[in-house]
Amino acid sequence: MGLVGAEGAGTGGRVTISEIARQAGVSVPTVSRVVNGRSDVSPQTRARVEDLLRRHGYRRRPAAPGTRAALLDLVFDDLDSPWAVEIIRGVEEAAHAAGTGTVVSAIHGRSGDARQWMRNLRSRASDGVILVTSSLDPPLHEELHILGVPLVVVDPAGSPALDAPTIGAANWSGGMAATAHLLSLGHRRIGLIAGPPRLLCSRARLDGYRAALESAGVPPDASLVVPGDFRPESGFSACHILLDLPEPPTALFAASDGMALGAIEALRRRGLRVPQDMSVVGFDDLPEVRWSAPPLTTVRQPLADMGGLAVRTVLGLTRGEQPDSPRVELGTELVVRASTAPPA
């Protein structure tokens, strides 16, 4: 059993579970035991905690084992990419099939936005949360736990939370496959436009790139790795940096399709052709890259499937079912199109 929170009628403002514990003179786990109806709390303590819960507008969530969730929260760091649209598509399809509604939010990496989202979540009594490439401050994560709201993380930003199942793609093998493909065509100077280093998926793709070079006996060159942020603009800028090297690469692996498209535009403005003058590989296999000029060779990650699996996992948690594994990685696949060829 969890809690549904509201603005504190008796205090004129919302308080956290930690604040209720402080006012009651008890620990946060003690508040959790009261909420969940545990017997190992003295009657005096229970009465004091329940009085504070009532005063602050908290009420028990009427969730019993086997009850189907009616509303899920889907939370992104940002929503300004086709990548997010594919995740949403998978979540919506799976949630609709389960008769469950979805609320989509973006917190933009700002603690104020995250706190506002938490206030909104408490007022609408969501039954589960799917967090995508974002992280919550420990107090907010703790509050989700105390409220009894199950959490599933898709592509965790940092080290996965030990008490939350995570879902991702095989980023390391995808990065290795993209680089190995370029090596098989005869390229030896392969540039990488990397993703944000704070993200696990970015670091895994970089590690796969390095592993492929090492397997082929190609010494890594730090000057060939330029960071980006997954957006086309960063791919455009990073490509210019690589082209300005004394010895530019003959091929590029961009850690997202967006950055790959930005790089192709930079090449076009330099009067260079893809793949005749430079081969380019992306990562994601977004729908639009099949229609780029030329169609983009890329690593397909099953974004919609990741979203669908997140829904099924969080719905299972609402029924008291634990996933078989706390970390699930879905397979990636190299899709070869017309943007790669042997070096000129």
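Please refer to the structure placed before this passage.
Residues numbered from 1 in each chain as written. Predicted model: local features only at pLDDT ≥ 70, side-chain atom pairs only at ≥ 80, totals over all residues. Heavy atoms only, no water.

As a further point, take the overall build of the protein. Across its full length, the protein holds 11 helices and 14 strands. When burial is assessed residue by residue, the protein has 51% of its 344 residues classed as buried. The contacts of the protein with a sequence gap of at least 6 include a subset with a gap of at least 24, amounting to 75%. Accessible area of the protein: about 15,100 Å², with a carbon and sulfur share of 55%. (Helix = DSSP H or I, 4+ residues; strand = E, 2+ residues; numbered from the N terminus. Buried < 20%, exposed > 50% of the residue type's maximum accessible area, 1.4 Å probe, protein only. Contact = heavy atoms within 4.5 Å. Areas by Shrake-Rupley, 256 points an atom, 1.4 Å probe, with all protein chains shown as cover.)

Reading across from one edge, E4-E3-E5-E6-E7-E13 is the order of the 6 strands in this open sheet, with parallel pairing throughout. Looking at the sheet topology across the chains shown, the edges are occupied by strand E4 (101-106) and strand E13 (327-330). Strand-to-strand twist of the sheet, defined as the mean angle between neighbouring strand axes without regard to direction, takes the value 20°. In this structure, strand E7 (residues 166-169) lies alongside E13, joined through 4 bridges in parallel fashion. Bridge pairing links isoleucine 167 to valine 328 in E13. Across the sheet, helix H4 (residues 82-97) lies against strand E3 (71-76), E4, strand E5 (128-132) and strand E6 (151-154), angled at about 170° from E3, the strand it touches most. (Pairing = 2+ DSSP bridges. Axes fitted to C-alpha atoms, helices over the stretch in contact; angles between N-to-C directions.)

One finds Tyr209, Phe253 and Val280 to be the most contacted residues of the largest nonpolar core, which totals 38 residues. Looking at this core, the elements that each hand over two or more residues are helix H7 (171-184), strand E8 (190-194), helix H8 (200-215), helix H9 (232-243), strand E10 (251-254), helix H10 (257-269) and strand E11 (279-284). A total of 6 residues in this core trace back to one element, the largest contributor, which is H10. With residues near it in sequence (within four places) discarded, tyrosine 209 still touches Gly175, Met176, Thr179, Ile190, Gly191, Leu192, Leu224, Val225 and Phe253. (Core = buried A, V, L, I, M, F, W, Y, C linked by side-chain atoms within 4.5 Å.)

A cis amide bond, omega 5°, links valine 274 with the succeeding residue proline 275. Positive phi is not limited to glycine here, since phenylalanine 230 has a value of about 80°. Mapped onto the fold, phenylalanine 230 is located in the loop between strand E9 (225-227) and H9. The class of phenylalanine 230 is partly exposed, set by a relative accessible area of 23%.

Bringing the side chain of threonine 179 into the picture now. Relative to the assigned elements, threonine 179 resides in helix H7. Its relative accessible area of 0% is what places threonine 179 among the buried residues. Once you skip the residues sitting within four places of it in the chain, threonine 179 turns out to touch Ile190, Tyr209, Ala212, Leu213 and Phe253.

Here we come to the sheet that holds strand E12 (residues 297-300). What the 6 strands build is an open sheet, ordered E9-E8-E10-E11-E12-E14; its pairing is mixed. If you trace the sheet from one side to the other, it starts and ends with E9 and strand E14 (333-335), each paired once. Going across the sheet, the axis of each strand differs from the next one's by a mean of 20°, ignoring polarity. Those strands touched by H7 are E8, E10, E11, E12 and E14, and its axis lies near 165° from that of E11. Docked against the sheet, H9 engages E8, E9 and E10, running at close to 150° with respect to E8.

Moving on to the pairing of E7. Of the two faces of E7, both are covered, the one formed by Thr166 and Gly168 as well as the one formed by Ile167 and Ala169. Two elements, E6 and E7, share 2 bridges in a ladder whose sense is parallel. Residue pairing across strands places valine 153 opposite threonine 166, the latter belonging to E7.

All right, on to H9 then. For H9, which comprises 12 residues, the first-to-last C-alpha distance of 17 Å matches the rise-based estimate of 16 Å (1.5 Å per residue) to within 8%. Residues of H9 that are buried include every one of Ser234, Gly235, Ala238, Cys239, His240, Leu242 and Leu243, and no others. (Expected span 1.5 Å × (residues − 1).)

As a further point, take H10. Here H10 is 13 residues long and its end C-alpha atoms lie 19 Å apart, about the 18 Å a rise of 1.5 Å per residue gives. Residues of H10 that are buried include every one of Asp257, Gly258, Met259, Ala260, Gly262, Ala263, Ile264, Ala266 and Leu267, and no others. If you follow the buried residues of H10, they end up packed against E8, H9, E10, E11 and E12.

With respect to the secondary-structure elements, arginine 337 resides in the segment after E14. Within the local environment of arginine 337, its side chain forms a polar contact with the side chain of aspartate 285, the two groups lying 3.0 Å apart. Once residues lying within four places of it in the same chain are set aside, the contact partners of arginine 337 are Asp285, Val289, Arg290, Pro295, Leu296, Thr297, Thr298 and Arg300. (Polar contact = N/O pair within 3.5 Å; in protein donor to acceptor, adjacent residues only side chain to side chain.)

Sheet topology places E11 next to E12; 4 bridges connect them, and they run parallel. Bridge pairing links valine 281 to threonine 297 in E12. Direction of pairing for E12 relative to E14: antiparallel, over a ladder of 3 bridges. Counted as the bridge partner of valine 299 is leucine 334 from E14.

Let us now look at the pattern of salt bridges. This model, assessed by the stated rule, comprises 19 salt bridges. Aspartate 244 is the partner of arginine 270 in a salt bridge, and the nearest nitrogen-oxygen pair spans 2.8 Å. In this pair, arginine 270 is assigned in the loop between H10 and E11 and aspartate 244 in the loop between H9 and E10, connecting sequence segments 26 residues apart. Relative accessible area serves as the criterion here: at 36%, arginine 270 is assigned to the partly exposed category. Sharing partners across several salt bridges, the network here consists of Asp78, Asp80, Asp229 and Arg231. (Salt bridge = Lys/Arg side-chain N within 4 Å of Asp/Glu carboxyl O.)

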